[in-house]
Amino acid sequence: MSTPTASSKEPAAGKTDRPRPTPPARYRNYIGGQWVESLATKNAPNVSPADTRVTLGQVPLSTPAEVDAAVAAAASAFPAWRETPAPVRGNLLVRWASLLTQHTDELAAILAWEEGKTFGEARGEVLKATNIVEFMAGEGRRMGGHTIPSEMPRTFVYTVKAPLGPVAVITPWNFPIAIPCWKIAPALVAGNTIVFKPATLTPWTAMRAVELLHEAGLPPGVLNLIFGSGSAVGDQLVHHKAIRAVSFTGSNEVGTHVYTEGAKRLLKVQCELGGKNPLVVLEDADLELAADATAQGAFGSTGQRCTATSRAIVVNHVADRFVELLAARAKKVVVGDPLKDGVTMGPSVDDGQFQTVLKYLDVAKQEGARLVAGGCRLAEGDHANGHFVAPTIYDGVSPGMRIAKEEIFGPVLSVIRVKDFEEAVHVANDVEFGLSSSLYTNDVNRMYRFVDLIETGIVHVNSPTVGGEAQAPFGGMKGTGVGTREQGSVAVDFFTELKTVYADYTGTKRTTNIY
Ligand code: NAD
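Residues numbered from 1 in each chain as written. Predicted model: local features only at pLDDT ≥ 70, side-chain atom pairs only at ≥ 80, totals over all residues. Heavy atoms only, no water.

### Description of the side chain of K197
Reasoning step 1: Secondary-structure assignment places K197 in strand 8 (residues 193-197).
Reasoning step 2: For K197, which is buried and forms no salt bridge, the nearest opposite charge comes from D235, at a distance of 11 Å.
Reasoning step 3: For K197, the side chain forms a polar contact with the main-chain oxygen of G228, separated by 3.0 Å.
Reasoning step 4: If sequence neighbours within four positions are ignored, K197 has contacts with V169, I170, T171, I226, G228, S229, G230, V233, G234 and L237. (Helix = DSSP H or I, 4+ residues; strand = E, 2+ residues; numbered from the N terminus. Buried < 20%, exposed > 50% of the residue type's maximum accessible area, 1.4 Å probe, protein only. Lys, Arg positive; Asp, Glu negative; His and termini not counted. Salt bridge = Lys/Arg side-chain N within 4 Å of Asp/Glu carboxyl O. Polar contact = N/O pair within 3.5 Å; in protein donor to acceptor, adjacent residues only side chain to side chain. Contact = heavy atoms within 4.5 Å.)

Structure (structure tokens):
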């Protein structure tokens, strides 16, 4: 394995424009308020996707005893954290948000370097994470229940939200700060304690975010960070008796496993999984705007977003013109080192994801899709040592093709031509996923009809399938998700149980109710 490391070696993309922080030699777990060296004998290298000769530290594959220690720390911190008033718990998040703001550029550089999205995209992600933490801080002051009229005299019926206990937060690599924040912030403000297992591909962003939470005044044991493989550490958390809920974001394959295993012990499980998001273009759409949105959704973050636009469903009448506009936008994408100024699309995150994308380029060829742009890896010059794929567009894709049905998670767009609005909606819904969708039209009637009929948890009208705001619920339908929504005030629901209270203040003992 190639060693050192970033600080001793410049990436092949030549001159780089952003300062690069120095990575740790080996990542440490954070248990009971202490940064502790793992006892693991096996590590996974954190490899830069833009230059695979560069290793950004070693990630320990933590042992079962270390997972037990992290859970024990969360369990022993729970009673005091539960008793901490919710507005005071929120104040911790206010301080965390402030530190995230102070460190935005540093976090963005780390994120871009280890994950591969461009510095600008990474900055956007850090800002989103900060917004979420800020918004959730306020939930500490808003987390009320309901008062309910009783059938009985002098009886007060009301609800309160109670925390669950120690919970596990298991996250993917593609939004390595926003997704942890949108799980950790509501879990903490609701009074739970946490064992956080980030993706092994993006340990550095996770570690820095937790360092800043520590600096914000996190009491020992309230959040514990443990590095390791999903099949060992993640699985152990799902099966651990002291863990009262699992909030998981990741692939359908792993999510199904987590949900099934959790169900065996009636564990509360939240799963946010894959997407195959459609953007529908009708004949009255502003085609320039629709093409901008499609290119942004398909190629932004290298297509590695659960909300990426992977299908453009276009009515025949405007399809030729629309494809021309798309091809022009694909040509303008500058692929390269994400920390270099002027680069607008980075690499696939690792060799596994890269090979998956290349496999789908072969599948598209075999299926007879018509290549409009890209369709190949980039391996010359500055691209020689990274996982770079050209932004790719296929036209003439039919709804039954694999590239129209399966999540690719790369910069690959399928254009599906349809005769009218009804067929467009049918095709849009004809996949197992249901995360995000978009409609480009100026017809208000068809806009509302689309909202009625589309089977996705997020619906955009004349805006891209990607993006969302911290205060609005986020999540999918069908194969994309189970459990309650994340982000917005509703995010707290997953991390709380509702207690219904009947308080009799008649002052007399009543043995039967009015019936
Ligand atoms: P993944 O399923 O491979 O891994 C996700 C996390 O689960 C990682 O931390 C991994 O270590 C862990 N894990 C793996 N095996 C496990 C097991 N047996 N038990 C418990 N945990 C285990 O997903 P990924 O490749 O990191 O992320 C990409 C996927 O995430 C894509 O499918 C994408 O669509 C999805 N995603 C969904 C959303 C959403 O909100 N719907 C957001 C981002 C990403």
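### Brief notes about the packing of helix 3 (residues 104-115) against helix 6 (residues 203-215)
Reasoning step 1: At a minimum axis distance of 8 Å, the contact between helix 3 and helix 6 shows a crossing angle of 160 degrees. Compared by their axis directions, helix 3 and helix 6 come out roughly antiparallel. In this structure, helix 3 contributes E106, L107, I110, L111, W113 and E114 to the contact, and helix 6 contributes P203, W204, T205, R208, A209 and L212.
Reasoning step 2: Grouping the amino acids of the contact of helix 3 with helix 6 by side-chain chemistry returns eight nonpolar, one polar and three charged. (Axes fitted to C-alpha atoms, helices over the stretch in contact; angles between N-to-C directions. Parallel < 35°, antiparallel > 145°, perpendicular 65-115°, else oblique. Nonpolar A, V, L, I, M, F, W, Y, C, P; charged D, E, K, R; others polar.)

### Re the domain arrangement of the protein
Reasoning step 1: Here the protein is described as being made up of domain 1 (56-273 + 480-499) and domain 2 (275-461).
Reasoning step 2: Spacing between the C-alpha centres of domain 1 and domain 2 amounts to 31 Å.
Reasoning step 3: Of the residues lining the interface, 19 residues belong to domain 1; the matching set on domain 2 comes to 23 residues.
Reasoning step 4: Buried surface at the junction of domain 1 and domain 2, summed over both partners, amounts to about 1,600 Å²; 59% is from carbon and sulfur atoms.
Reasoning step 5: Taken as a group, T118, W173 and T480 account for 30% of the area that domain 1 buries against domain 2, more than any other trio of residues on that side.
Reasoning step 6: Our count for the contact surface shared by domain 1 and domain 2 stands at four residue pairs in polar contact (both at pLDDT 80 or more).
Reasoning step 7: Looking at the side of domain 1 that touches domain 2, the elements that each hand over two or more residues are helix 3 and helix 4 (119-142).
Reasoning step 8: For the side of domain 1 that touches domain 2, the element with the most residues is helix 3, which contributes five residues.
Reasoning step 9: By residue class, the composition of the side of domain 1 that touches domain 2 is eight nonpolar, five polar and six charged. (Domains from an automatic or database assignment. Buried area = accessible area lost by both parts, 1.4 Å probe.)

### Concerning the side chain of T307
Reasoning step 1: As for its placement among the helices and strands, T307 is situated in the loop between helix 9 (287-299) and strand 13 (309-315).
Reasoning step 2: Excluding anything up to four places from it in sequence, T307 contacts N277, L435, S436, T465, V466, G467 and F474.

### So, helix 9
Reasoning step 1: Taking 1.5 Å per residue as the helical rise, helix 9 with its 13 residues ought to reach 18 Å, and the 18 Å between its terminal C-alpha atoms agrees with that figure.
Reasoning step 2: Every buried residue of helix 9 is listed here: L287, A290, A291, A293, T294, A295, G297, A298 and F299.
Reasoning step 3: Against the buried residues of helix 9 lie strand 12 (277-281), strand 13, helix 10 (316-332), strand 17 (392-395), strand 18 (412-418) and strand 19 (436-440).
Reasoning step 4: Where helix 9 begins, one side-chain oxygen reaches toward the backbone nitrogen of E288, 3.2 Å away; that side chain belongs to D286.
Reasoning step 5: Following helix 9 by one or two positions, S301 has its phi on the positive side, about 50 degrees. (Expected span 1.5 Å × (residues − 1).)

### Observations regarding the state of the cysteines
Reasoning step 1: The full count for this structure, using the stated rule, is zero disulfides.
Reasoning step 2: In this structure C271 is not part of a disulfide, and its nearest cysteine sulfur, from C306, lies 13 Å away.
Reasoning step 3: Judged by relative accessible area, which is 16%, C306 ranks as buried. (Disulfide = S-S within 2.5 Å.)

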